[in-house]
Each structure stands twice: as C-alpha cells, then as structure tokens.
Amino acid sequence: IYMMLKSSESLGLYSASIGNKKIDWDEFINQSSAVKLVFKSNVDWLNQYKSSLIGLISRGGTLEVVLPNPDDPSTVEQLGRQRKKSATVIKESINEAARILREIKGNSEKLKIHITNIPFLSHYYIFDKISIVTIRSYTLSESPHLICGNKSADNNRLYRYCTEQFDALKKTSVQGI
C-alpha cells in the first residue's frame, strides 16, 4: 500500500472521488487567473458555476473551452453511443452548452471556445494550481474525479497530462466561437 501511495504522489494525484460533492469548484475557479475546460456539454455544471466563470472573466482572467462539434454527425453519433443517448439529445446539449458559454462571454475577448470533431471520453478542468480529470463511467450514475497536482510542483505528471490533452484537442479545432 505504501508503494501505491508513493506512486500516486509522484504522479501528482491529490485525491479521487465519485461525483461532485467533495469538489469546491467555486474555490478553484475563484483562485485561478486562467481556466481551461474540455467537456462534452455539461450544461448543469455550467449553470451551477456560471457566476464564478463570469467573475473570472470580469476580473481579467481567461476561460478556454473545447467542445465537440454538434454539426459533425460522426462525432455526435459516437458521443450518443458513449452516453447511451440519441444524437439529437447530444447535439441539443452541446448547443445549449455553447449558448451558455456565449452568455458568459458577453462582449469579452477573455473566453475562447474551440470546436473539435474528436469524440473525447474524459472531461478536463484545468485551473492555476490543480487539474481535475473526470473519467466517463458506463456503469456508475456519477463519474470518478481525479484531482491532480500543482503545475509548478515536481510531481505534476497528471497536471501536465491534462494540459497536454487540452492542447492536443485545441489543435484539432475545426472552428471557434
């Protein structure tokens, strides 16, 4: 057990949980100057933390988001199969997330939305000091979250992994909003 704990520590894994209950998302947003998000739609999360995201932008922080392309039939169909929902429901959900993000953006240039044709599995929430990976669960009603270490620490492999995934998906962007 000690070796497993040391191994997770060297990767930069701070903690893991199932569901959102143990994560203080507002605190992470409010303590950050830049937030990067990769998710399929996550309308509930956007609505719940909308005021913190608006606060981030209004205090001069930046927000970058990668969303799947709602107009790419292949991407929407694959996401539908992953989530056991119809392509129509997936497309509507992504479009709703984009609408909420445009509302958060207002007239600011501090929010960038990137659209990709890659039907990614995990969600990434990247803050100044930590990152959180949400692993898609096909059997649990709530998905597991891995809270990963500080980007400036030596044990930051998982933080780097999250930022590398964000950057790779951003590079595949077919358009921006």
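Small disclaimer: the values here were computed from a predicted structure and weren't measured. Every chain begins its residue count from 1, and numbering advances along the sequence as written. Under the rules for a predicted model, residues below a pLDDT of 70 receive no local features and side-chain atom pairs below 80 are neither given nor counted, while totals for whole chains, interfaces and linings still include all residues. Side-chain metrics in this entry use all non-hydrogen atoms of the structure; hydrogen atoms and water are not considered.

A.B. asks: In this structure, what is going on with the packing of helix 5 (residues 73-83) against helix 6 (residues 87-105)? I would like to understand it.
C.D. replies: To describe two helices that pack against each other, one gives the angle between their axes and the distance between the axes. With their axes 8 Å apart at the nearest point, helix 5 and helix 6 run at an angle of 105 degrees to one another. In this view, helix 5 runs roughly perpendicular relative to helix 6, as classed from their interaxial angle. Residue-level contacts link Val 76, Glu 77, Leu 79, Gly 80 and Arg 83 of helix 5 to Ala 87, Ile 90, Lys 91 and Ile 94 of helix 6. Of the residues in the contact of helix 5 with helix 6, the class split is five nonpolar, one polar and three charged. Think of each axis as a best-fit line through the C-alpha atoms, taken over the contacting stretch in the case of a helix, with angles from 0 to 180 degrees between the N-to-C directions. Only DSSP runs of H or I covering at least 4 residues are called helices, and only runs of E covering at least 2 are called strands; the numbering of each starts at the N terminus. The labels follow the angle: roughly parallel below 35 degrees, roughly antiparallel above 145, roughly perpendicular from 65 to 115, and oblique for the rest. The contact definition used throughout considers only heavy atoms, calling two residues in contact when any of these lie within 4.5 Å. The nonpolar class holds Ala, Val, Leu, Ile, Met, Phe, Trp, Tyr, Cys and Pro. Asp, Glu, Lys and Arg form the charged class, and all remaining residues, Gly among them, are polar.

A.B. asks: Even after reading the chapter, I still don't get the pattern of salt bridges, so can you show me in this structure?
C.D. replies: Note that side chains of opposite charge can pair when their charged atoms are close. Whenever a carboxyl oxygen of Asp or Glu lies within 4 Å of a side-chain nitrogen of Lys or Arg, that contact is scored as a salt bridge. Scanning the model with the defined rule gives five salt bridges in all. The salt bridge partner of Glu 103 is Arg 99, with a shortest N-O separation of 2.7 Å. Separated by four residues within a single helix, Glu 103 and Arg 99 lie in helix 6, roughly one turn from each other. Exposure classes here rest on a 1.4 Å probe applied to the protein chains alone. A residue is buried below 20% of its type maximum, exposed above 50%, and partly exposed in between. With a relative accessible area of 35%, Arg 99 lands in the partly exposed category. Three or more residues joined by partner-sharing salt bridges are found here, namely Lys 50, Glu 96, Arg 99 and Glu 103.

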